[in-house]
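One-letter residues, chain by chain:
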Amino acid sequence: FGDRCLAGFKVVVSAGPTYEDIDPVRFIGNRSSGQMGFAVAAAAVAAGAEVTLVAGPVSLATPAGLHRRVDVRSAAQMHAAVLEAATHADVYIGAAAVGDYRPQEVSAQKLKKRDGGELVLHLDENPDILASLSAQTAHPFLVGFAAETHDVATYAQGKLRHKGLDMIAANQVGGGLGFEAADNALTLYWADGSVELPRVAKTELARQLIARVAERYRATRA
Ligand code: C5P
């Protein structure tokens, strides 16, 4: 299959952080830059796929040749956009850093300082996008990401099973790798195997990831 390993495939990729609004000027976010997800989307285009990119708030140019880009802000919006786009997809790659919690209420007015008193925010858990997809009877080949600060292999393999994924791409956060860095290193896990992709530019890493996704798809679904 070589360079065009995803020709004829419909692929959905999520990328970037989510922002959970607290009031009109504040939000809860995270440090995802979206670079890895955008590189994955570009690599899928290069491999011949029809690619829909669901992007959280990032400042990145749309990769050339994309079928569709959907910009969202919150985890709930990303959940809805991905589920809609993934209905007819062959592969979903969840590279977004989705916020786990959102404020129970979004204040219509800017919250005021409380002069020494504490401020309590009540948070509700967001739905898990990957788990929602894997719960559906017919669902795309599911690839998750696991950014961990410690015990990477254990947590990644746990997420592979709990979320019902076909593959998980795990990376250690810290030491100049992961968020906001141009390079990354990944270990891919699937039910009965794994492979290490050593440190390299995210664009090249994305190309290697896409080749492995195509390989595993053919091994399990074709
Ligand atoms: O459990 P954790 O958030 O570390 O898992 C990361 C993986 O799960 C990523 O692929 C991320 O896109 C996905 N995820 C999701 N929906 C959530 C939270 C995370 O699909 N609400």
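Residues numbered from 1 in each chain as written. Predicted model: local features only at pLDDT ≥ 70, side-chain atom pairs only at ≥ 80, totals over all residues. Heavy atoms only, no water.

As annotated in an unreviewed UniProt entry, the chain is Coenzyme A biosynthesis bifunctional protein CoaBC from Rhodanobacter spathiphylli B39.

1. Describing the UniProt feature "binding site: CTP" (unreviewed entry) in the chain
This chain's UniProt record puts "binding site: CTP" (unreviewed entry) on Asp-100, Lys-110, Pro-127, Asp-128, Ile-129, Leu-130, Phe-145, Lys-159 and Lys-163. The largest pairwise C-alpha distance within this set of annotated residues, which runs over 64 residues, is 37.4 Å, so the set is dispersed in three dimensions. Tracing the chain through its elements places Ile-129 in helix 3 (residues 129-134). Not counting the four nearest positions on each side in its chain, Ile-129 is found in contact with Met-78, His-79, Val-82, Leu-83, Tyr-92 and Val-98. Mapped onto the fold, Phe-145 is located in strand 9 (residues 141-148). (UniProt positions renumbered as here; feature names shortened; annotations may be inferred. Helix = DSSP H or I, 4+ residues; strand = E, 2+ residues; numbered from the N terminus. Contact = heavy atoms within 4.5 Å.)

2. Considerations on the nonpolar core
Core analysis: the largest hydrophobic core is formed by 40 residues, its most contacted members being Leu-6 and Val-11. No other element matches the eight residues that helix 1 (residues 35-46) contributes to this core. Not counting the four nearest positions on each side in its chain, Val-11 is found in contact with Leu-6, Ala-44, Ala-49, Glu-50, Val-51, Thr-52, Val-91 and Ile-93. One finds Ala-89, Leu-130, Ala-146 and Ile-168 within the second-largest nonpolar core, a separate group that totals 23 residues. (Core = buried A, V, L, I, M, F, W, Y, C linked by side-chain atoms within 4.5 Å. Buried < 20%, exposed > 50% of the residue type's maximum accessible area, 1.4 Å probe, protein only.)

3. Regarding the pairing of strand 10 (residues 167-172)
Within strand 10, five of the six residues are buried, which leaves it mostly tucked inside the rest of the structure. With six bridges connecting them, strand 9 and strand 10 associate as parallel partners. When the sheet's bridge partners are listed, Val-143 is paired in strand 10 with Met-167. With three bridges joining them, strand 10 and strand 11 (residues 183-190) adopt antiparallel strand pairing. Paired with Ala-170 across the bridge in strand 11 is Thr-187. (Pairing = 2+ DSSP bridges.)

4. Focus on the site of the ligand
The full set of residues close to the ligand is Gly-94, Ala-96, Val-98, Pro-127, Asp-128, Ile-129, Leu-130, Gly-144, Phe-145, Lys-159 and Lys-163. Ile-129 places a main-chain nitrogen or oxygen 2.9 Å from a nitrogen atom of the ligand. Between an oxygen atom of the ligand and a main-chain N or O atom of Phe-145, the distance comes to 2.8 Å. Considered on its own, the ligand offers 450 Å² of accessible surface; in the complex 86% of this is hidden by protein. (Near = heavy atom within 4 Å. Polar contact = N/O pair within 3.5 Å; in protein donor to acceptor, adjacent residues only side chain to side chain. Areas by Shrake-Rupley, 256 points an atom, 1.4 Å probe, with all protein chains shown as cover.)

5. A few points about the pattern of salt bridges
For the structure on display, the rule yields 11 salt bridges. The shortest N-O distance in the salt bridge between Asp-71 and Arg-69 comes to 2.9 Å. Taking relative accessible area as the criterion, Arg-69 reaches 23% and is therefore assigned partly exposed. Note that Asp-128 is salt-bridged to Lys-163, the shortest N-O span being 2.7 Å. With Asp-128 in the loop between strand 8 (123-125) and helix 3 and Lys-163 in the loop between helix 4 (152-162) and strand 10, the pair connects residues that are 35 residues apart, well separated along the chain. (Salt bridge = Lys/Arg side-chain N within 4 Å of Asp/Glu carboxyl O.)

6. A word on a nonpolar patch on the surface
A cluster of nonpolar side chains, namely Tyr-101, Leu-119, Leu-121 and Leu-123, defines an oily patch on the protein surface of about 360 Å² accessible area. Note that Leu-121 resides in the loop between strand 7 (101-103) and strand 8. Under the relative-accessibility criterion, Leu-121 is labelled partly exposed at 40%. (Patch = residues over 30% accessible without salt bridge, like charges linked within 9 Å, V, L, I, M, F, W, Y side chains within 5 Å.)

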